[in-house]
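Residue-level listing of the chains:
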Amino acid sequence: MSNRPSMREMLEKKDKQKGKEDRLEKGDFLALLIAASSTFWPILLGAIVILALLIFGWNAIFA
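Small disclaimer: the values here were computed from a predicted structure and weren't measured.

Engineer: How would you explain the overall build of the protein if you had to name every residue and give the values?
Structural biologist: Within the protein, the secondary structure is distributed over two helices and zero strands. A globule of 63 residues ought to have a C-alpha radius of gyration of about 11 Å, yet the protein, at 22 Å, is considerably larger. The buried share of the protein, taken over its 63 residues, is 0%. As displayed, the protein has an accessible area near 6,700 Å², and 66% of this comes from carbon and sulfur atoms. In the protein, which carries 9 positive and 7 negative side-chain charges, the distance between the mean positions of the two groups comes to 2 Å.

Here it is as structure tokens:
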């Protein structure tokens with residue numbers, strides 16, 4: 001086997017302490033919202049465009 005760490009080991013927080021909960025720092029929530037919206041909106045718009053193209057294509061073929 002290779003000596004590379006697994007994905008879980010790489011993503012695991014290194015300075016984790018048992019019994020202590022992680023807290024967000026100031027500005028972390030806003031950063032998470034910005035990251036989520038910058039990912040979510042293009043995906044949503046792409047799905048709407050694909051759905052619109054399917055509807056228009058369906059109407060063009062069967063109308």
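Picking up where we left off.
Engineer: Describe the packing of aromatic side chains, listing the residues and the values that go with them.
Structural biologist: Tallied over the entire structure, the rule returns two aromatic pairs. Ring centres 5.2 Å apart and planes at 65° place the aromatic pair Phe40 and Trp41 in the edge-to-face group. An angle of 50° between the planes, with centres 4.5 Å apart, marks the rings of Trp58 and Phe62 as tilted. Pair noted here: Trp58 and Phe62 are both in helix H2 (residues 28–62), with a separation of four residues, about one helical turn.

The rules behind the values
Residues numbered from 1 in each chain as written. Predicted model: local features only at pLDDT ≥ 70, side-chain atom pairs only at ≥ 80, totals over all residues. Heavy atoms only, no water. Helix = DSSP H or I, 4+ residues; strand = E, 2+ residues; numbered from the N terminus. Rg over C-alpha atoms; globule rule 2.2 N^0.38 Å. Buried < 20%, exposed > 50% of the residue type's maximum accessible area, 1.4 Å probe, protein only. Areas by Shrake-Rupley, 256 points an atom, 1.4 Å probe, with all protein chains shown as cover. Lys, Arg positive; Asp, Glu negative; His and termini not counted. Charge placed at Lys NZ, Arg CZ, Asp CG, Glu CD. Phe/Tyr/Trp six-rings, centres within 6.5 Å; stacked < 30°, edge-to-face > 60°.

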